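Results of the structural survey
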Amino acid sequence: MSLLLPQSGDIPLPQPGPISEPYWQGCREGVLRFQRCLDCSAPTHTPALMCAVCASRSLVWVDSSGKGEIYSWTRVWRPVTPDFVTPYVPVIVAMEEGWFILSNLVGCEDDAVAIGLGVEVVFHSSGGADDIVLPYFQLVS
Amino acid sequence: MRTLGHPFRDVAIVGVYNTKQARVLEGHDSQSIALEAALGAIADAGLEPRDIDGVVGGIASNFLYQSRIGPAWRSMSPLGIPAVIEGAMAIACGLANNVLIATGEAGSYRQHASTAPWTRPTNEFVAAYGMFTAAEFALMARRHMHMYGTTPESMAHVAATIRNNGHVNPDAVYFGRGPFTAADVLESRMVADPFHLLDCAMTSEGGTALVLTRADRTEDTAKTPVYLLGGGTDHYGPSYQHPPVWDLGGVRRPDLIAGHVGRRAAEEAFAVAGLGPSDVDVCEFYDPFSFELIRQFEAFGFCAEGEGGDYVMSGVIEPGGRHPITTDGGTMSFSHGGASVQLFQRVIRGVQQLRGECSSAQVLTAEVAMCTGGGSGALFTDVLLLGKERP
Ligand SMILES: [Zn+2]
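In what follows, the accompanying structure is described. Predicted model, so just to flag it, every value in this text is computed and none were measured. (Residues numbered from 1 in each chain as written. Chains lettered and ligands numbered in written order. Predicted model: local features only at pLDDT ≥ 70, side-chain atom pairs only at ≥ 80, totals over all residues. Heavy atoms only, no water.)

**Side note on the interface of chain A and chain B**
The test is simple: Working rule for contacts: check all heavy atoms of both residues, and any pair within 4.5 Å makes them a contact. In short, buried area is how much 1.4 Å probe accessible area vanishes from two parts on joining, totalled over both. Salt bridges are identified by distance alone: a Lys or Arg side-chain nitrogen within 4 Å of an Asp or Glu carboxyl oxygen. Here a polar contact is recorded for every N or O atom pair within 3.5 Å, except that within protein the pair must consist of a potential hydrogen donor and a potential acceptor, and residues adjacent in sequence are included only if both atoms are side-chain atoms. Runs of E in the DSSP output that reach at least two residues are strands. Runs of H or I that reach at least four are helices, and both are numbered from the N terminus.
Listed by partner, the interface residues are 39 residues for chain A and 33 residues for chain B. Buried surface at the junction of chain A and chain B, both sides included, amounts to about 3,000 Å², of which 64% is carbon and sulfur. Together, Tyr71, Arg78 and Leu102 of chain A form the three largest contributors to the area buried by chain A at its contact with chain B, with a combined 25%. For the interface between chain A and chain B, the tally reads one salt bridge. Ionic pairing is found between aspartate 193 of chain B and arginine 75 of chain A, a salt bridge with its closest N-O pair at 2.9 Å. Summed over the shared surface of chain A and chain B, the result is 16 residue pairs in polar contact (both at pLDDT 80 or more). Going through the elements one at a time, helix H1 (21-28), strand S4 (67-73), strand S5 (90-95), strand S6 (100-104) and strand S8 (132-139) of chain A are the ones with two or more residues in the side of chain A that touches chain B. The element that contributes the greatest number of residues to the side of chain A that touches chain B is S6 of chain A, accounting for five residues.

Here it is as structure tokens:
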């Protein structure tokens, strides 16, 4: 067993683009954001130009509760590059508002992960040229 | 629906060739090994380079120049079964008479501290979380385990079966490395839970090629022609850039979620062929990870949803079973040459099976082969049905 922590090594960091910048700016401000369709109210992630359900271009950024539950997970022992500390636990989180996000689980032992557990977002400043803050998830007690 | 003749009636596969496959092919780069593959497939067809008037794949441009066969038809399609279908369409549409599809990779991945470059995403929403192919596919497998109780043992049985096919195949990179039991797979070190090392594809180098021709010209070629009975491709978007969500749906048919990717392609292929899963004698299924074979049997309708784990344990997938899988050892034991080579090699093996020329695990009286590529973690699956009888 080992305590899962945010990665602190020289990992590949996102380079925000014009569509995704509001998402990353939210992370810098400590808020997880997603897009919602003004016409059919469907949520969308990853950042998009059109609604995946009704093709409307009227998407607005809204704040998420930051809460959801683990939808699927894996525990990685062979790192993608040596800069990642193992084990780390990629998770897909089903957010309360009905959208999915990929992240890593932190703040617990690696064998505490299970589908269906409640989680909430936590932010970790990773720096880099774009002052990136990454959303991670931890178990809710 | 279709009222004219079969779309691929006038097309035949007449040449196939794999170069030597190895962990490292000394003295080769991707262009040189692909050229060797191309010349091998042309010779296998009993043709000369000057007979080729259409090219597909990574080597296409270089081959056109080196062989001076231009001007010729060229596709930009780079990967696997879609490239084979496109080559066949070129012939069916009268754009070319003899199409060469060739690719090869060597020298691009020899520092193994990191996972292979083609396994790693660059997208801003996954790369920082340490994602690579094993983790992507593991997220799909874990969801299936949660829904249906699918076990690591059933996955390990798939991996052991495929690796044993490679163990007895003299052309496999891991020839003689077995035999393997499911227990061996489960005891190998964990890569990305639930996948152990032996549940995963390897990395290697190699080249591969095939030649398509007009069906009315097969009297001039050397080997028994093999025909395309049907095919299809199911894609949900770019691989490894978005969360691999099992329940990711489409707006046209909500039942066709990403966890079932390949179902529509298989339905279309079977419909055009006038066949069903029970008609398939050889399952040359793509095997990036053991779980994907379980998933494919469900997606293609060989068994019901959620029953794939029991299905692969029922004696059908081994040599001598009704639906033997990945008979050369696949990407786990035969070869995984890079980003594209192995995506053609299920088709190569399917042709070799229907010709009856496999030196190991030959399926006796094979009439129909189902070849696939891709997988759920990559959000695409392609399907090609091959047969001995002209459709
Ligand atoms: Zn909408």
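**Topic: the sheet that holds strand S4 (residues 98-105) of chain B**
All names here are of chain B. Our working rule: Pairing between strands is defined by DSSP: at least two bridges between the two strands are required. Only the contacting stretch of a helix is used when fitting its axis, a line to C-alpha atoms as for every element, and angles between N-to-C directions run 0 to 180 degrees.
Read across the open sheet, the five strands follow the order S1-S7-S4-S2-S3; overall the sheet is mixed. Edge strands, defined here as strands with exactly one partner in the open sheet, are strand S1 (11-18) and strand S3 (73-74). Judged from the three bridges that link them, strand S2 (residues 54-56) and S4 form a sheet pairing that is parallel. Among the inter-strand pairings, glycine 54 is bridged to a residue of S4, identified as valine 99. Relative to the sheet, helix H1 (residues 30-44) contacts S1, S4 and strand S7 (206-214), its axis offset from that of S4 by approximately 145°. Taken strand by strand, helix H11 (residues 341-355) contacts S1, S4 and S7, and its axis lies near 110° from that of S1.

**Some words on the side chain of threonine 74 of chain A**
Mapped onto the elements of the fold, threonine 74 of chain A is located in the loop between S4 and S5. Among the polar contacts listed, one links the side chain of threonine 74 of chain A to the backbone oxygen of aspartate 193 of chain B, at a separation of 2.7 Å. In this structure, threonine 74 of chain A is in contact with Tyr88, Val89 and Pro90 of chain A together with Ala135, Ala138, Leu139, Ala192 and Asp193 of chain B, ignoring residues within four places of it in sequence.

**Points about the pairing of S8 of chain A**
Residue and element names in this part refer to chain A. Worth spelling out the cut-off: Here's how the labels work: a residue is buried when its accessible area is under 20% of the maximum for its type, exposed when over 50%, partly exposed in between, all with a 1.4 Å probe on protein chains only.
Counting buried residues along S8, six of its eight residues qualify, which places the element largely inside the surrounding structure. Strand direction decides the pairing type here: strand S7 (residues 118-127) and S8, joined by eight bridges, are antiparallel. Bridging across to S8, valine 121 finds its partner in phenylalanine 137. Count of turn residues in the S7/S8 antiparallel hairpin: four residues, of which glycine 128 carries a positive phi of about 80°.

**Regarding the pairing of S6 of chain A**
All names here are of chain A. Taking burial as the measure, the five residues of S6 include four buried ones, the bulk of the element. With five bridges joining them, S5 and S6 adopt antiparallel strand pairing. For alanine 94, the partnering residue across the bridge sits in S6 and is phenylalanine 100. The turn linking S5 back onto S6 is made up of four residues, and glycine 98 within it adopts a positive phi angle of 95°.

**Topic: the packing of helix H5 (residues 152-167) of chain B against helix H8 (residues 290-299) of chain B**
Residues and elements named next belong to chain B. Test applied: Orientation categories follow fixed angle ranges, with anything under 35 degrees roughly parallel, anything over 145 roughly antiparallel, 65 to 115 roughly perpendicular, and all other angles oblique. In this count, Pro and Cys sit with the nonpolar residues alongside Ala, Val, Leu, Ile, Met, Phe, Trp and Tyr, while Asp, Glu, Lys and Arg are called charged and the others, Gly among them, polar.
It is the contact of H5 with H8, at a shortest axis distance of 7 Å, that shows an interaxial angle of 105°. Taken together, H5 and H8 sit at an angle that is classed as roughly perpendicular. When H5 is examined against H8, the residues Ser154, Met155, Val158, Ala159 and Ile162 are found in contact with a partner set consisting of Ser290, Phe291, Leu293 and Ile294. Tallied by class, the residues present in the contact of H5 with H8 amount to seven nonpolar, two polar and no charged.

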